[in-house]
Amino acid sequence: MAVDMELELVLRPPEVPQAPYPAKVITLANGKRMVVREARREEVPTLLKAVHPTLFIHKDYYDIVGARLYSELLGWYTHRTQNEFCLVGQVDGILVGMVNSRMYNAKTGMSLHTLAIDRGLRVGSHLFAAKMEHHIEYLGQDEVLIVAESPIGFRRWMIEYGLEPTDIPHELGGAPSYRLTRELYFATKSRLVVGDRPVPPELLEVAEREIIVADEDLIREKIAGVKGR
Amino acid sequence: MRDVAIIGVGMIPFGRRDEDTLVDMLAYASMHALDDAGLGDKGVDAVYVANMGGGILQHQTAVASALVDRLSLLPAAADTVENGPASGASAVKNGVLAVASGYYDTVLVAGGEKMREVTGWKATDFVATLTHPEVEYPYGVTLPGMAGIFTRLYMEKYGLTREMLVAVAIKNQAMGALNPYAHVEMLITQEGILDSPHSVVNNPAMADPLHLYDACPVSDGAAALILCPLEMAQELTKNVPILVAGFGQATDTHTLQEREDPTDLKAVTLAAQQAFKRANLKPSDIDVAELHDAFTILEIAESEHVGFFKKGEGGKAVLAGKTKLGGQIPINVSGGLKARGHPVGGTGVAQLVDLTWQLRHELPKERQVKNAKTGLSVNFGGFGNNVLCFILKRGGK
Amino acid sequence: MNEIKITAYKCKKCGHIHYPKHERCLKCKGREFEELKPEGNVKLLAYTQQFNLPWGFDERFLIIGIAQFENGIKALGQIKAESLEGIKTGMVLKPSWEPVRYVYGEPVYGLKFEPL
């Protein structure tokens, strides 16, 4: 469908300058290397394929996280969300997790969602930390407002980062946000934020070439190293 | 006293089992064991059920009575056995004594736990209820905490290193990846959990100097076995009977602070000595062992205290490959608690189920100890204040 | 000066010190004990920094130690420190009796040890 740019400009939110996230590579517990990079807008249709199955998983709040993430990605894709970004984690090109967030304004970030394969590899922890790294270190923001759907997941972040309670309603449903300040980030960085830069070119090339959305069997074989059962 | 044999075994995959209740899991494992023993359409004389947390986590007590009803095993005698993480071996012990005494002929022993229904913090609190209620529990001390205290002392005394602990984790997770019943299916590397600077996130400190990968997961699961007098085994089943050659049980002080030497797991040593005496065997006679590696340090410490290695040598033995499949004494070929998982009440039974499969030579090549004839298990209750050791022998020809 | 509200028990027959209470002496099975109150500072015998706390604690970690009072009583307590830096086996700590946890908002008192 042809886009009428005159009308588009009415509906697109104004954006503030947004620096890119420099990719990094993390060695996971199983020795595999996860490239963490910023997804490109045109990769959203692939990401939606990965999120789609979660819409029907009721346990652990997967369905609401998936549904909200799906709509946020679509919002980003169609230029209807202000300053959104998405970081993906890939092992040999296979998508193992994604996080998304946006800049509420130049100084404040609004953390949105984290979705990761849960196999004890702490992919979610690594990607959440990368998201905070981007807000504070590369986007130059002073604070990030955070909530979560899962109380268990959230309590873990609250304790790990020492998040401060606020009475600012988060845009995800209005619950009071918790805040990660620049000071808190740097106080916890050494034990929560890791990664090597630059990413070796051959690894980056594989990651950037294609986001492979893997099914459970492929994840077991390629990521867990577990053959057939 | 009659010789007692294990003639049937059953287990369900350990892990997160949201759809199953505690009694569901016990029932499934029990049916596998009953069928395996040729008793699928018959009764048994007595049932012992090992479970630590039903009353706390599921708000359900008298689990054995529930299971007997669920399995239509009425009017069998039934007891629930609670001995913390050693509930499983305690229940088996009770079953063995019941058969050995001549009082009962066929006995079902099942053990299970449903721990993932609650958050990790509540599961940690539940396990901590085994600590001393006045002088330990109020301080927030946890089982990992006690293991951390023990590990530091062991490092100071014997020069144990993190590499040794990591080697146990890597070995056991590699074996768990081959075990269809195992909770954890993930190969890990020393680089990922120790050497890389990224290991600070991959493998954070849990109870220093122990880290995340030094601990077993929190699991749901159940296992079961059938006991009968050895002389009756052949009329009931074609399975190779596995003789309970001996067992031992010993206790130590409730609190860590009152141990004379907190690095000395006296109860493990005594329980093993009793078992060896009963079985008329010595440590070098054992072909395969299932030790209680709720924490990697415990596999190493128990391997020394039962007599496989001298004190302080267990860690070096792991590094030298002596405890892997094909080594001098394969330990935790099932993946151990580390990878198979640790549904606390079920573990002691699961260890004996795994040893039975080993001694029957029923496992696939990549998990079978060649020609295994004798097996040993250690089920470690509390923090080493109530320990059972079993020795099994392959029966028949 | 806050009193450390623990009572240890010294066997009248063989002198073995018990904390917590036992009905009979661990060593000689004697049944008569002299009550003992902790005296002086403590020597740290063993410790760990514990993360993944049980439900009921909101802290990121607790440092737990087993220590021995000058008159021989051994007890477990929480060590007041921000990290393990400077904590080592054998060091001397000052004991105190303070809230070690809160249950439904009410403080539960227990032993804390502070580096001197």
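Here's what I pulled together on the structure shown here. In this text, all values refer to a predicted model and were calculated from it rather than measured experimentally. (Residues numbered from 1 in each chain as written. Chains lettered and ligands numbered in written order. Predicted model: local features only at pLDDT ≥ 70, side-chain atom pairs only at ≥ 80, totals over all residues.)

What follows concerns the sheet that holds strand E8 (residues 176–181) of chain A. Residues and elements named next belong to chain A. An order of E1-E2-E3-E4-E5-E6-E8-E7 is seen for the 8 strands of this open sheet, with the pairing classed as mixed. Looking at which strands have only one partner, the edges of the open sheet turn out to be strand E1 (24–27) and strand E7 (164–169). Across the sheet, the mean angle from the axis of one strand to that of its neighbour is 30°, orientation sign disregarded. (Pairing = 2+ DSSP bridges. Helix = DSSP H or I, 4+ residues; strand = E, 2+ residues; numbered from the N terminus. Axes fitted to C-alpha atoms, helices over the stretch in contact; angles between N-to-C directions.)

Once that is clear, we can look at the interface of chain B and chain C. On the chain C side, the residues contacting the 31 residues of chain B number 28 residues. Taken together, the elements giving at least two residues each to the side of chain B that touches chain C come down to helix H5 (120–128), helix H6 (143–158) and strand E5 (205–207) of chain B. For the side of chain B that touches chain C, the element with the highest residue contribution is H6(B), accounting for 7 residues. Of the residues contributing to the side of chain B that touches chain C, the split by class is 14 nonpolar, 9 polar and 8 charged. (Contact = placed C-beta atoms within 7 Å. Nonpolar A, V, L, I, M, F, W, Y, C, P; charged D, E, K, R; others polar.)

So, on to the sheet that holds strand E11 (residues 386–394) of chain B. Residue and element names in this part refer to chain B. Across the sheet, 9 strands lie side by side as E3-E2-E4-E7-E1-E8-E11-E10-E9; this open sheet has mixed pairing. The sheet terminates laterally at strand E3 (77–81) and strand E9 (288–290), the two strands that pair on one side only. This sheet shows a mean twist of 25° between the axes of neighbouring strands, independent of strand direction. Alignment of strand E4 (residues 107–114) against strand E7 (residues 220–229), held across 8 bridges, turns out to be antiparallel. Along E7, the bridge assignment pairs Glu 113 with Gly 221. The strands that helix H11 (residues 266–279) touches are strand E8 (242–251), strand E10 (374–381) and E11; relative to E8, the one it contacts most, it runs at about 145°.

Looking now at the environment of A:Val147. Along the chain, the position of A:Val147 falls in the loop between strand E6 (143–146) and helix H5 (151–161). Each C-alpha atom of the pair A:Val147 and A:His113 lies 9.0 Å from the other, and the pair is 34 residues apart in sequence.

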